[in-house]
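These are the residues of each chain, in order.
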Amino acid sequence: KAGVTQTPRYLIKTRGQQVTLSCSPISGHRSVSWYQQTPGQGLQFLFEYFSETQRNKGNFPGRFSGRQFSNSRSEMNVSTLELGDSALYLCASSLIDRLGTEAFFGQGTRLTVV
Amino acid sequence: AQSVTQPDIHITVSEGASLELRCNYSYGATPYLFWYVQSPGQGLQLLLKYFSGDTLVQGIKGFEAEFKRSQSSFNLRKPSVHWSDAAEYFCAVAANTGNQFYFGTGTSLTVIP
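Worth saying up front: this structure is predicted, and the values here are computed from it rather than measured.

Asker: Outline the overall build of chain B, listing residues and values.
Answerer: Helix and strand counts for chain B come out as zero helices and 12 strands. If you list the helices and strands of chain B from N to C, you get β-β-β-β-β-β-β-β-β-β-β-β. Over its C-alpha trace chain B gives a radius of gyration of 13 Å, about what one expects of a compact globule, namely 13 Å for 113 residues. Over its C-alpha atoms, taken along the principal directions, chain B stretches across nearly 40 × 30 × 20 Å. Scored against the burial criterion, the 113 residues of chain B give a buried share of 47%.

Asker: An account of the pattern of salt bridges is requested, with residue identities and associated values reported.
Answerer: Under the definition given, this model contains nine salt bridges over all chains. The salt bridge partner of E75 of chain A is R67 of chain A, with a shortest N-O separation of 3.3 Å. Assessed through its relative accessible area of 16%, E75 of chain A is described here as buried. Measuring nitrogen to oxygen at the nearest pair gives 2.8 Å for the salt bridge that ties K78 of chain B to D85 of chain B. Considered together, K78 of chain B and D85 of chain B belong to a single accessibility category, that of buried residues.

Asker: Can you tell me about the nonpolar core, naming the residues and giving the values?
Answerer: In this structure, L19, W35, L47, L48, F74, L76 and Y89 of chain B are the most contacted members of the largest nonpolar core, which totals 27 residues. With four residues, strand 10 (residues 87-94) of chain B is the largest single contributor of residues to this core.

Asker: How would you explain the environment of T101 of chain A if you had to name every residue and give the values?
Answerer: Following the sequence through the fold, T101 of chain A ends up in the loop between strand 9 (87-94) and strand 10 (104-105). Leave out the neighbours within four places in its chain, and T101 of chain A touches S94, L95 and I96 of chain A together with N99 and F101 of chain B.

Asker: Talk me through the interface of chain A and chain B; I want residue IDs and the actual numbers.
Answerer: At the interface, 21 residues of chain A touch 21 residues of chain B. The contact between chain A and chain B buries some 1800 Å² in all, and 52% of this surface belongs to carbon and sulfur atoms. Taken together, the connections running from chain A to chain B amount to one salt bridge. Between K49 of chain B and E102 of chain A there is a salt bridge, and its shortest N-O distance comes to 3.7 Å. Elements with a contribution of two residues or more to the side of chain A that touches chain B: strand 4 (31-38), strand 5 (42-50) and strand 9 of chain A. Looking at side-chain class alone, the side of chain A that touches chain B contains eight nonpolar, eight polar and five charged residues.

Asker: Hey, could you go over the side chain of N75 of chain B for me, with residue numbers and the actual values?
Answerer: All names here are of chain B. With respect to the helices and strands, the residue N75 is situated in strand 9 (residues 73-78). Looking at N75, its side chain comes within polar contact range of the main-chain nitrogen of C23, at 2.9 Å. Contact partners of N75, with chain neighbours within four places excluded, come to E20, L21, R22, C23, W35, E64, A65 and E66.

Asker: Quick one: what's the story with the sheet that holds strand 8 (residues 74-78) of chain A, residue by residue and with numbers?
Answerer: All names here are of chain A. Strand order in the open sheet made by the four strands is 1-3-8-7, with antiparallel pairing throughout. One side of each edge strand has no neighbouring strand; the edge strands of this open sheet are strand 1 (5-7) and strand 7 (64-68). In this sheet, neighbouring strand axes are inclined to one another by 15° on average, regardless of whether the strands run parallel or antiparallel.

Asker: Break down unusual backbone geometry for me, with residues and values.
Answerer: With the exception of glycine, the majority of residues adopt a negative phi angle, and the majority of peptide bonds are in the trans configuration. Residue and element names in this part refer to chain A. T7 connects to P8 through a cis peptide bond whose omega is -10°. Along the chain, P8 turns up in the loop between strand 1 and strand 2 (10-13). Residues other than glycine seldom take positive phi values, yet S51 does so here, at roughly 50°. Along the chain, S51 falls in the loop between strand 5 and strand 6 (53-57). Residue S51 is classed as partly exposed on the basis of its relative accessible area of 34%. Even without glycine at this site, T80 takes up a positive phi of about 45°. Checked against the element boundaries, T80 lands in the loop between strand 8 and strand 9.

Rules behind the numbers
Residues numbered from 1 in each chain as written. Chains lettered and ligands numbered in written order. Predicted model: local features only at pLDDT ≥ 70, side-chain atom pairs only at ≥ 80, totals over all residues. Heavy atoms only, no water. Helix = DSSP H or I, 4+ residues; strand = E, 2+ residues; numbered from the N terminus. Rg over C-alpha atoms; globule rule 2.2 N^0.38 Å. Buried < 20%, exposed > 50% of the residue type's maximum accessible area, 1.4 Å probe, protein only. Salt bridge = Lys/Arg side-chain N within 4 Å of Asp/Glu carboxyl O. Core = buried A, V, L, I, M, F, W, Y, C linked by side-chain atoms within 4.5 Å. Contact = heavy atoms within 4.5 Å. Buried area = accessible area lost by both parts, 1.4 Å probe. Nonpolar A, V, L, I, M, F, W, Y, C, P; charged D, E, K, R; others polar. Polar contact = N/O pair within 3.5 Å; in protein donor to acceptor, adjacent residues only side chain to side chain. Pairing = 2+ DSSP bridges. Axes fitted to C-alpha atoms, helices over the stretch in contact; angles between N-to-C directions.

Next comes the structure, spelled out in structure tokens:
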């Protein structure tokens, strides 16, 4: 079956702009989580959605937001981009939102802010 | 608060040699522990996981890990490393709500011929 699909794979934006990243989970999966990966901070949890509801949120400023649609596809948005937002953004999908459920990761979107 | 520590930032081993990657966790209850591997430019792939029961768990690609509650450790091992094992390895603990993971900082593995 198809894996987690993230689009686009690469993105270059200018400081101050906003960006929207997309994640299509594995068919039938209802939980989608987002992570930011940087060399300095490693992998940090952004937020998790289940059945269109945000269940958990990490320690990120309000410029980072997300949503989930009825078909479980998810988008995350970053407004007023800063240089420090340059990172690999990973999406993970799980069948349910139960603790410890295996998460399947996409290949990520590499965002570069210049 | 949950946290994961991977003390080794980078490890180099010869092909065919054994491997052990260290992971220590901090968690108030019984942890749900995972090892993921990331190849350059790729997402994370699950190697193995521990929830309960037998403390020695087997994973894919010949990897295994042992859960030691007394040491708060979940070290990853492989008896004979292949060149294709060169990658970044992440240990993670699942949080107590939903499906949120706390990751360690990762260990980069180089395999020399």
